[in-house]
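Understanding the architecture of this molecule
As a plain string of letters, each chain reads:
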Amino acid sequence: MEAFHRPEQENSDAQPNSCHISRTLGGYRTHSGQDCSSRQRFGTPLFYHEQAVWGRPEEPLPRRRASHWKPSLLPVAFDRRIWVEDHYSKAMTDSPTARHRAAFPSEAASILRARSLQTDYSHLSQSLKPGQRVLDVGCGTGAVTAGIAKMVSPGEVIGIDTNVGLIAEALQSHRFPNLTFQCANIYELEHLKELHIGFDVVVAARVLQWLAHPADALEQMISVLKPGGTLFILDYNHIKARLSPTPPTTMLHFRERYLAWRKDAGMDNEIADHLVELMQKKGLADVNSTEHHELTRRGETDFDRRIGLWADVASTRGHQVVADAYLSEQERQTAVDDFRDWMHNDAAEQYFYLLSVMGTKGP
Ligand SMILES: C[S@@+](CC[C@H](N)C(=O)[O-])C[C@H]1O[C@@H](n2cnc3c(N)ncnc32)[C@H](O)[C@@H]1O
């Protein structure tokens, strides 16, 4: 198999794209599926909730949170109320550049939608048990979260993400009595801690790769685990990804620029191989790592979906890379066209290096 090239050049900073929010029946949504963490751009941040609290509409809201209700925004349907919450005011550990680059492009939601617990996080599925309470951080469209909710039912599951559009889609698409979605930030899980419930399992799949301060995020996730609870992190080492035969040089160039764009924002392109150390440093016990690589070969049922990933990345995230002046629009478009041609005619194999690392919180 041929290796992708390593990125060499480091480059400049970026300005966030502007983003608009519009009011809809009972709540707000973004026009572009943007990140909900920027107070300046959105005014008041959002908090979506499927049911009153933990899927039990008959229970009163916790006192502190009740004080944040904004009655004018309450929707008609009481069991799907959406309210405005102000929990983005404190910890925003990442720089504006990192937050801007981590913002998930709405056009790429189909990548997340096509995932499932069994095919895309099998290691976790083998460890879940009915009755467990689970937090899925950076849940995206909720496709994997829905699988978790089915496995642990009647245990309660909550999925959080900073992207308003993805959370709105998750709420629409996955309606189970034990499943809740919220718009919230991995760096600020205080509101979950204040509920004093504690999670048996906290999960972050393919999320830490997008953070400039993953150790701080781990600390937050550990803080909401019960004593004896387990943290599961699934993530990539992008440098170890392989395609065979060698993809077009235009796509190799795109990939170099893309990885430099991430690295310059403080993101770790090799985070999978640093997770064990990070988790041990945060005091977790029995930290162990399981290979979770994704190998796709021509002829396999999933080949067409999986081999197209780099074209999808260049067609979606690629626009952010161009906007930040890491490559030209023509270079991006040529990479997409050449790669699509290559994947239809030549592509034989794609390998992504992922590790699933788990650790237990002490008493
Ligand atoms: C690559 S997607 C992974 C989605 C899902 N976990 C999966 O495996 O399919 C990364 C997700 O992390 C979310 N994300 C990025 N930064 C975040 C943050 N600071 N807090 C919470 N979610 C974040 C993004 O919006 C996006 O949905």
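A few points on the structure. (Residues numbered from 1 in each chain as written. Predicted model: local features only at pLDDT ≥ 70, side-chain atom pairs only at ≥ 80, totals over all residues.)

1. Details of the site of the ligand
Taken together, the neighbourhood of the ligand is formed by 20 residues, with F104, G138, G140, I186 and A205 sitting nearest. Among the residues making up the shell around the ligand, the classes are represented as 12 nonpolar, 5 polar and 3 charged. (Near = placed C-beta within 6 Å. Nonpolar A, V, L, I, M, F, W, Y, C, P; charged D, E, K, R; others polar.)

2. Notes on the packing of helix 11 (residues 249-264) against helix 16 (residues 329-345)
It is at 8 Å that the axes of helix 11 and helix 16 come closest, and there the two elements cross at 130°. Considering their axes alone, helix 11 and helix 16 lie oblique with respect to each other. In the crossing of helix 11 with helix 16, the sense of the turn from one axis to the other is left-handed. For the pair helix 11 and helix 16, contact is made by T250, M251, H253 and F254 and by E331, R332, T334, A335, D338 and F339, respectively. Taken together, the residues that form the contact of helix 11 with helix 16 break down as 4 nonpolar, 3 polar and 3 charged. (Axes fitted to C-alpha atoms, helices over the stretch in contact; angles between N-to-C directions. Helix = DSSP H or I, 4+ residues; strand = E, 2+ residues; numbered from the N terminus. Parallel < 35°, antiparallel > 145°, perpendicular 65-115°, else oblique. Left-handed = near helix turned anticlockwise from the far one by under 90°. Contact = placed C-beta atoms within 7 Å.)

3. Description of the pairing of strand 14 (residues 349-352)
Pairing of strand 11 (residues 242-244) with strand 14 involves 3 bridges; the strand directions are antiparallel. In the sheet register, R242 faces strand 14, and the bridge partner there is Y351. Here strand 13 (residues 294-297) runs beside strand 14; their pairing, made up of 4 bridges, is antiparallel. Counterpart to R297 in the pairing with strand 14 is E349. (Pairing = 2+ DSSP bridges.)

4. Concerning the environment of A314
By the element assignment, A314 lies in helix 14 (residues 309-315). For the pair A314 and F254, spaced 60 residues apart in the sequence, the C-alpha separation amounts to 7.4 Å. Apart from residues lying up to four places away in sequence, A314 is in contact with F254, R332, A335, V336 and F339.

5. As for unusual backbone geometry
What you tend to see is this: most non-glycine residues have negative phi, and most peptide bonds are trans. In this structure, the amide linkage connecting S153 to the following residue, P154, adopts the cis form with an omega of 5°. Relative to the assigned elements, P154 resides in the loop between helix 7 (143-152) and strand 7 (157-161). Cis peptide bonds are those with omega within 30 degrees of zero, and the linkage from S244 to P245 qualifies with -10°. Inspection of the secondary structure assignment puts P245 in the loop between strand 11 and helix 11. Residue D286 is not a glycine yet carries a positive backbone phi of 50°. Within the secondary structure, D286 is located in strand 12 (residues 285-291).

6. Looking at the environment of T334
Mapped onto the fold, T334 is located in helix 16. Classification of T334 by C-beta neighbours within 10 Å gives partly exposed; the count is 18. Expressed as a C-alpha distance, the spacing of T334 and A314, which sit 20 residues apart in the sequence, is 9.8 Å. (Buried ≥ 20, exposed ≤ 12 C-beta atoms within 10 Å, placed from the backbone.)

7. Some thoughts on the nonpolar core
Counting residues in each nonpolar core, the largest one holds 71 residues, and the members touching the most others are V202 and V203. Top contributing element to this core by residue count: helix 7, with 7 residues. Membership of the second largest hydrophobic core comes to 21 residues, among which are M251, V313, A314 and V336. (Core = buried A, V, L, I, M, F, W, Y, C linked by C-beta atoms within 7 Å.)

8. Notes on the environment of V157
Assignment of secondary structure puts V157 in strand 7. Put simply, V157 and Q132 are 25 residues apart on the chain and 8.3 Å apart in space, counted from C-alpha to C-alpha. V157 has contacts with V134, D136, T145, I148, A149, V152, N178 and L179, leaving out every residue within four places of it along the chain.

9. A short note on the sheet that holds strand 9 (residues 199-205)
With respect to topology, 7 strands assemble into an open sheet ordered 8-7-6-9-10-15-12, the strand pairing being mixed. Two strands bound the open sheet, and with one partner strand each, they are strand 8 (179-183) and strand 12. Across this sheet, the average inter-strand angle for adjacent strands is 15°, counted without regard to direction. Bridging between strand 10 (residues 225-236) and strand 15 (residues 354-360) involves 7 bridges; their strand directions are antiparallel. When the sheet's bridge partners are listed, L234 is paired in strand 15 with S356. Packing of helix 8 (residues 164-173) onto the sheet brings it into contact with strand 7 and strand 8, and relative to strand 8 it is tilted by some 165°.

Taken by themselves, the reported measurements are silent on function.
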